[in-house]
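# Structural characterization, general
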Amino acid sequence: MTNLIRKDAGKPLRDAMKRTGLTQVDLAARTKAVDVRGQGVSLGTVIKVTGQGKSATDSCRLRTAWLVATALGDPLQQHFDMPTVSTDTVERYTPHGDSG
């Protein structure tokens with residue numbers, strides 16, 4: 001599964017939280033409200049995705065990114081980028097099939 005990369009070490013996410021007056025706890029709760037499954041994103045994951053420093057992460061699953069961006073009321077592309085290279089999409093080619 002492809003992970004997305006948060007932009008600018010999560011600064012756009014933190015700016016959006018500030019703009020909307022949401023804490024990390026509020027954002028986690030909002031992700032549950034926008035999730036059709038009702039699960040949302042855990043507070044721990046929200047802290048990692050929106051945080052800074054050693055406890056933060058620069059990548060997350062597509063579903064996590066979508067729920068966080070939707071809970072903020074923003075398009076996904078405002079906060080996350082696709083990775084530049086993925087080994088999942090690299091085709092393996094041998095000119096004579098598997099023999100070789």
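The notes below deal with the structure included here.

Turning our attention to the pairing of strand β1 (residues 3-6). Taking every second residue as pointing to the same face, the buried face of β1 carries Leu4 and Arg6, while none of Asn3 and Ile5 on the other face is buried. Taken together, the three bridges between β1 and strand β2 (residues 59-61) define a ladder with antiparallel strand orientation. For Leu4, the partnering residue across the bridge sits in β2 and is Cys60.

Another point: a nonpolar patch on the surface. There is a patch of nonpolar side chains on the surface, built from Val25, Leu43 and Ile47 and spanning about 230 Å² of accessible area. Of note, Ile47 is situated in helix α3 (residues 43-50).

Our next topic: the pattern of salt bridges. Tallying each qualifying case throughout the model produces five salt bridges. Between Asp58 and Arg6 there is a salt bridge, with its nearest N and O atoms 3.0 Å apart. Of this pair, Asp58 sits in the loop between α3 and β2 while Arg6 sits in strand β1; the two residues are 52 residues apart in sequence, bridging distant segments of the chain. Here Asp58 falls in the partly exposed class, since its relative accessible area comes to 43%. Taking the relative accessible area as the measure of exposure, Arg6 reaches 7% and is therefore buried. Here Asp74 makes a salt bridge to Arg19, at a shortest N to O gap of 3.0 Å. Here Arg19 lies in helix α1 (residues 11-20) and Asp74 lies in the loop between α4 (62-72) and β3 (80-81), a separation of 55 residues in the sequence. In this structure Asp74 comes out as buried when scored by relative accessible area, which is 12%.

Parameters at a glance
- Residues numbered from 1 in each chain as written.
- Predicted model: local features only at pLDDT ≥ 70, side-chain atom pairs only at ≥ 80, totals over all residues.
- Heavy atoms only, no water.
- Buried < 20%, exposed > 50% of the residue type's maximum accessible area, 1.4 Å probe, protein only.
- Helix = DSSP H or I, 4+ residues; strand = E, 2+ residues; numbered from the N terminus.
- Pairing = 2+ DSSP bridges.
- Patch = residues over 30% accessible without salt bridge, like charges linked within 9 Å, V, L, I, M, F, W, Y side chains within 5 Å.
- Areas by Shrake-Rupley, 256 points an atom, 1.4 Å probe, with all protein chains shown as cover.
- Salt bridge = Lys/Arg side-chain N within 4 Å of Asp/Glu carboxyl O.

These results come straight from atomic positions and should not be treated as a statement about function.
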